[in-house]
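Commentary on secondary and tertiary structure
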Amino acid sequence: MAAGDVDIHPISRSPPSSEPKVARKLNPYSGGYTENRARGGPRAFFHALGISKEDQKKPQVGVVSVAWTGNPCNVHLAGLGETVIKSIQNKDMNAFAAHTVGVSDNLVQLTDMMSYSLPSRDLIADSMEMAICASQYDAGVLIPGCDKNMPAALMAAARYNRPTIIVYGGASYPGQIKEDCPALGYKAGDDINIGTTWESWGGVLKNRITDANYEDILEHACPGAGSCGGLFTANSMATVIEVIGMSLPYSSCTPAISPEKEAECTRIGGVLRNLMEQDIKPLDIMTKQAFVNAITVTNILGGSTNVVLHLLAVARSAGVDLKIEEFQTIASRTPFLGNLSPSGKYTMSDLHKVGGVPAVIKYLLDNTSLLDGSCMTITGKTLAENVAHVPELDFATQDVIRPLHNPVKATGHLSILKGNIAPDGCVAKITGKEGLRFEGTAMVFENEALVLDAVGDGTIVPGTVVVITYRGPVGAPGMPEQLTATAALYGAGLSKVTALITDGRFSGATTGFCIGHVCPEAARGGPIGAVRTGDKIIIDAVNMTIDVVISDDLMASRMGEWKERPLKHTRGVLFRYARDVKDASHGAYTD
């Protein structure tokens, strides 16, 4: 392939070239796409769209969003896409809009429909890949908004490997509670968010909050468009995308409904044109060191456990060798500095006010060796160059981010534990507030609805280790979140005196001593399925172990009783997913 040509094989995993990038003219652009479009039917089709013969020689850009009007995280994305399209057209390029499916985790919590959430990630990635490749677009702009949208966009960009920018839809502003709610620790005027709504349900179950408190929270937690405002999964993955270098600086923390987000969209045309002229493609940006940077900042801020699951899948799409054990290695050398919800006080809009992710990157580059500032980004500049002139964090006026000498925790919060419950690993979010060790008695369930019943009737008491099995990628299927269970424990005042273990996963809004992604999962014969109510369990976040205290002989006997269950679905998306999905310790990918 000649220098500067675009790889027309969308699934190529060849490493980025080490040759210097050379600016080049864009008219016509790419390895044969323009010529293909000039023949027969394609040319006639473009005439039907009102595109002249001369304009058909311009580069064509696919603008693919996860826009839909049934979810505040995504309701505004079509509008952002229109602004992006205008900015591309203003730079003498053609732009075409496409949309793909989305799933709202919040809308399907505690229902069987939560099984569609994680599979939507791979479906969105497939759709974005298809939209760009099947139309022979020269470049892409991907506009995600909700949890699974974010890793899907990275996976797609890595697969088709054409110049691409990801524009995050942005987070919502926090809501404000109107009346005091002492049971949950809120005073009138305090910020609340979507996580508060699920925590409040636990308070309802235990009669700790009034109906008026509950309605107050529901009516004011989500004041408008944008993803859930805390450092939950969407914002954690948006931060990952920015640190990796696939979005513009500030994209991850700029509020959804703000002049700054609109301004970001108006810049896309110029940035994309430069990206194409320099022939900088996703695999030039998504290097192993870029992934290490992203995992580091996730630990600095306190991001979601789902980052582990998603980055393993993204790395595979990018041909990057990333193993689950590396998350622990990075966390062990990285302090936890973020005072962000759900484990802390603030939301993404608060982080934006004090300098955003660029200020955090600059602080780390100036004061540590934790990040590699030489990594390339979509601006055509390195990570360090992007933040060279960013104002520094002011520790005298803000406590959203703590200084290095006064961390929330000396090491990162993402912990990879192994033991006789999880021989292939599991993921815990240990902020230090839960303690570093938990010893208790197992109470086994096969779905989170039963956990809510047990919270309500008082069956779950201090010292209980709630174990939820058959919630993995195959067993559920789709590895549904257990947010309602963890939030109910919090709202019932039990989150500091109980623990929860599951082969499912958690929402980024989860708090407490919670361990998920247990591998192998119960549906594949994993030993978590051999745990019985009444067993003693020890979770040790210092030695990174998780064990049920029974003899090897008893474990072997129980494992010998296991019988594989038939898949819950025999047709459709969930059947294909359960049939094809790999385990969570490898990212639960399906391709």
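Residues numbered from 1 in each chain as written. Predicted model: local features only at pLDDT ≥ 70, side-chain atom pairs only at ≥ 80, totals over all residues. Heavy atoms only, no water.

What follows concerns the packing of aromatic side chains. The description of an aromatic ring pair uses the distance of the two centres, along with the angle that the planes make with each other. Summed over the entire model, instances satisfying the criterion amount to four aromatic pairs. On the numbers, 6.0 Å between centres and 40° between planes, the contact of Phe46 with Phe96 is tilted. Linking Phe46 in helix H2 (residues 40-48) with Phe96 in strand S2 (residues 94-99), this pair joins segments that are 50 residues apart in sequence. Judged by its relative accessible area of 12%, Phe46 is buried. Seen from the ring of Tyr589, Arg316 lies directly overhead, with NZ or CZ sitting 3.8 Å from the centre. Arg565 extends its terminal NZ or CZ atom over the ring of Tyr470, reaching a point 3.6 Å from the ring centre. (Phe/Tyr/Trp six-rings, centres within 6.5 Å; stacked < 30°, edge-to-face > 60°. Helix = DSSP H or I, 4+ residues; strand = E, 2+ residues; numbered from the N terminus. Buried < 20%, exposed > 50% of the residue type's maximum accessible area, 1.4 Å probe, protein only. Lys NZ or Arg CZ within 6 Å of the ring centre and 35° of its normal.)

What follows is about a negative patch on the surface. Taken together, the side chains of Glu179, Asp180, Asp190 and Asp191 present a region of like negative charge at the surface. Note that Asp191 resides in strand S6 (residues 191-192). (Patch = residues over 30% accessible without salt bridge, like charges linked within 9 Å, V, L, I, M, F, W, Y side chains within 5 Å. Areas by Shrake-Rupley, 256 points an atom, 1.4 Å probe, with all protein chains shown as cover. Salt bridge = Lys/Arg side-chain N within 4 Å of Asp/Glu carboxyl O. Lys, Arg positive; Asp, Glu negative; His and termini not counted. Charge placed at Lys NZ, Arg CZ, Asp CG, Glu CD.)

Here we take up helix H8 (residues 211-220). Of all the residues in H8, the buried ones are Asn213, Tyr214, Asp216 and Ile217. Projected down its long axis, H8 shows its buried positions confined to an angular sector of 160°, all on one face. Relative to its buried face, H8 has exposed residues pointing more than 90 degrees away, namely Asp211, Ala212 and Glu219. Where H8 is buried, its residues contact S6 and helix H7 (194-205). (Arc of directions from axis to C-beta. Contact = heavy atoms within 4.5 Å.)

Next up on the list: helix H3 (residues 77-89). Taking 1.5 Å as the rise per residue, H3 with 13 residues should run 18 Å; its terminal C-alpha atoms sit 18 Å apart, in good agreement. Among all positions in H3, only Leu77, Leu80, Gly81, Thr83, Val84, Ile85, Ser87 and Ile88 are buried. As for H3, its buried residues are in contact with strand S1 (60-65), S2, strand S3 (139-143) and helix H10 (259-277). (Expected span 1.5 Å × (residues − 1).)

Right, let's talk about the nonpolar core for a bit. Counting residues in each nonpolar core, the largest one holds 106 residues, and the members touching the most others are Val141, Leu154, Ile244, Met246, Phe291 and Leu311. Counting residues in hydrophobic clusters, the runner-up holds 37 residues, among them Ala422, Ala522, Ile539 and Ala584. (Core = buried A, V, L, I, M, F, W, Y, C linked by side-chain atoms within 4.5 Å.)

Here we take up a nonpolar patch on the surface. Taken together, the side chains of Met113, Tyr116 and Val573 present a nonpolar region at the surface, about 250 Å² in accessible area. With respect to the element layout, Tyr116 can be found in the loop between helix H4 (105-108) and helix H5 (117-134).

Take the sheet that holds strand S7 (residues 414-417) next. Across the sheet, which stays open at both edges, the eight strands sit in the order S7-S8-S12-S11-S10-S9-S13-S14 with mixed pairing between neighbours. The open sheet terminates on both sides in strands that have one partner only, identified here as S7 and strand S14 (545-548). Taken pair by pair, the neighbouring strands of this sheet meet at an average axis angle of 25°, ignoring direction. (Pairing = 2+ DSSP bridges. Axes fitted to C-alpha atoms, helices over the stretch in contact; angles between N-to-C directions.)

A word on the sheet that holds S2. Reading across the sheet, the four strands line up as S2-S1-S3-S4 and stay open at both edges, with parallel pairing between neighbours. One side of each edge strand has no neighbouring strand; the edge strands of this open sheet are S2 and strand S4 (164-166). Pairs of neighbouring strands in the sheet enclose a mean axial angle of 15°, with direction left out of account. With three bridges joining them, S3 and S4 adopt parallel strand pairing. The residue bridging Val141 from the neighbouring strand is Ile165, located in S4. Packed on one face of the sheet, H5 meets S1, S2 and S3 and runs near 160° to S1.

Turning our attention to the pattern of salt bridges. Overall, the coordinates contain 27 salt bridges when judged by the stated rule. With a shortest N-O distance of 3.0 Å, Asp122 and Arg121 are connected by a salt bridge. One salt bridge in this structure joins Glu481 and Arg505, with 3.3 Å as the shortest N-O distance. A residue pair is termed long-range when its members are at least 10 positions apart, and Glu481 in the loop between strand S10 (464-468) and helix H19 (483-491) and Arg505 in the loop between strand S11 (499-502) and strand S12 (513-516) qualify at 24 residues. Relative accessible area serves as the criterion here: at 0%, Arg505 is assigned to the buried category. Through salt bridges that share partners, Asp126, Glu129, Arg159, Arg316 and Asp591 make up one connected network.

With their axes 11 Å apart at the nearest point, helix H9 (residues 233-244) and helix H16 (residues 356-367) run at an angle of 55° to one another. Judged on the interaxial angle alone, H16 and H9 are oblique. Every pair of crossing elements has a handedness; the one defined by H9 and H16 is right-handed. Here Thr239, Glu242 and Val243 of H9 come into contact with H16, specifically with Val357, Pro358 and Ile361. Per-class residue counts for the contact of H9 with H16 are four nonpolar, one polar and one charged. (Parallel < 35°, antiparallel > 145°, perpendicular 65-115°, else oblique. Left-handed = near helix turned anticlockwise from the far one by under 90°. Nonpolar A, V, L, I, M, F, W, Y, C, P; charged D, E, K, R; others polar.)

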